[in-house]
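Structural overview for review
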Amino acid sequence: TGNQDLTTVVLDDVFADAPGATFVSGDTNNDDILDTDEIWTYSAVYTVTQGDINAGSDLVNVAGVTTDQTARQTDDATSEVDQQPSLTIVKDLTNTDDQVVDTAGETIEYTITVDNTGNQDLTTVVLDDDFADALPTYVSGDTNTDDILDTDETWIYSAVYTVTQEDINAGTDLTTVAGVTTDQTARQTDDATS
């Protein structure tokens, strides 16, 4: 924007993917000098990471340029990170013969599936099932064993309830509820009935 041609134009953009900003057009006479009547255009790309989504902070990208004649000048562009944490929980009877129970001491087996359906990894996954004999048991799904329900993971649990004589005497359907919470999501529930 001045009255002097500028030499040794160096553009930096450390936020951009390698190899950084790429010259597109503007050096009309191909002399590698930013002439007073030229505007040089560059392009740059940044690939968003899962870590960026998890952090939730705005992505502020700063580009800078220096020449032999000018001090470094900078400008930035900002992309807002939109976190959308969500999950689903499904509790099912593991065996079809558990649909009907008729004997005290009979056990009902459950399979509980927790699926990360959002764009953010979920931490501190806590599964509860007050009806079960004990806390549900983790079976599989944490593929990298980091105790974080990643966006591409589905965790499987099992639980058992032992039918009591009181259950048989009452004759009421046995509806059991499992729930799950994480640091990023409110409690979600699902139930299964015998």
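Predicted model only: the values in this text are computed from it and were never measured.

Attention now moves to the overall build of the protein chain. Tallying secondary structure elements over the protein chain gives two helices and 12 strands in all. Going residue by residue from the N terminus, the α and β elements of the protein chain occur as β-β-β-α-β-β-β-β-β-β-β-α-β-β. Taking 16 Å as the expected radius of gyration for a compact globule of 194 residues, we find that the protein chain reaches 30 Å, considerably beyond that expectation. In terms of overall dimensions, the protein chain has a C-alpha envelope of 95 × 20 × 20 Å along the principal axes. For the protein chain, contacts bridging at least 24 residues in sequence account for 60% of all contacts bridging at least 6. Accessible surface for the protein chain amounts to roughly 11400 Å². Of this, 48% is attributable to carbon and sulfur atoms.

Turning next to the sheet that holds strand β4 (residues 59–66). Judged by pairing direction, the sheet is antiparallel, and its three strands sit side by side in the order β1-β4-β5 without closing on themselves. Of all the strands in the sheet, the pair left with one neighbour each is β1 (10–12) and β5 (73–79). Taken pair by pair, the neighbouring strands of this sheet meet at an average axis angle of 15 degrees, ignoring direction. As paired strands, β4 and β5 are joined by seven bridges and run antiparallel to one another. Looking across to β5, one finds that Ala 63 is bridged to Asp 75.

This part takes up the pattern of salt bridges. Across all of its chains, the model carries three salt bridges by this definition. Asp 12 is the partner of Arg 72 in a salt bridge, and the nearest nitrogen-oxygen pair spans 2.6 Å. Of the two residues, Arg 72 is situated in the loop between β4 and β5 and Asp 12 in strand β1; the sequence distance between them amounts to 60 residues. With a shortest N-O distance of 2.6 Å, Asp 128 and Arg 187 are connected by a salt bridge. Of the two residues, Asp 128 sits in strand β8 (residues 126–128) while Arg 187 sits in the loop between β11 (175–181) and β12 (188–193), which places them 59 residues apart along the sequence. A relative accessible area of 18% places Asp 128 in the buried class.

About the criteria used
- Residues numbered from 1 in each chain as written.
- Predicted model: local features only at pLDDT ≥ 70, side-chain atom pairs only at ≥ 80, totals over all residues.
- Heavy atoms only, no water.
- Helix = DSSP H or I, 4+ residues; strand = E, 2+ residues; numbered from the N terminus.
- Rg over C-alpha atoms; globule rule 2.2 N^0.38 Å.
- Contact = heavy atoms within 4.5 Å.
- Areas by Shrake-Rupley, 256 points an atom, 1.4 Å probe, with all protein chains shown as cover.
- Pairing = 2+ DSSP bridges.
- Axes fitted to C-alpha atoms, helices over the stretch in contact; angles between N-to-C directions.
- Salt bridge = Lys/Arg side-chain N within 4 Å of Asp/Glu carboxyl O.
- Buried < 20%, exposed > 50% of the residue type's maximum accessible area, 1.4 Å probe, protein only.

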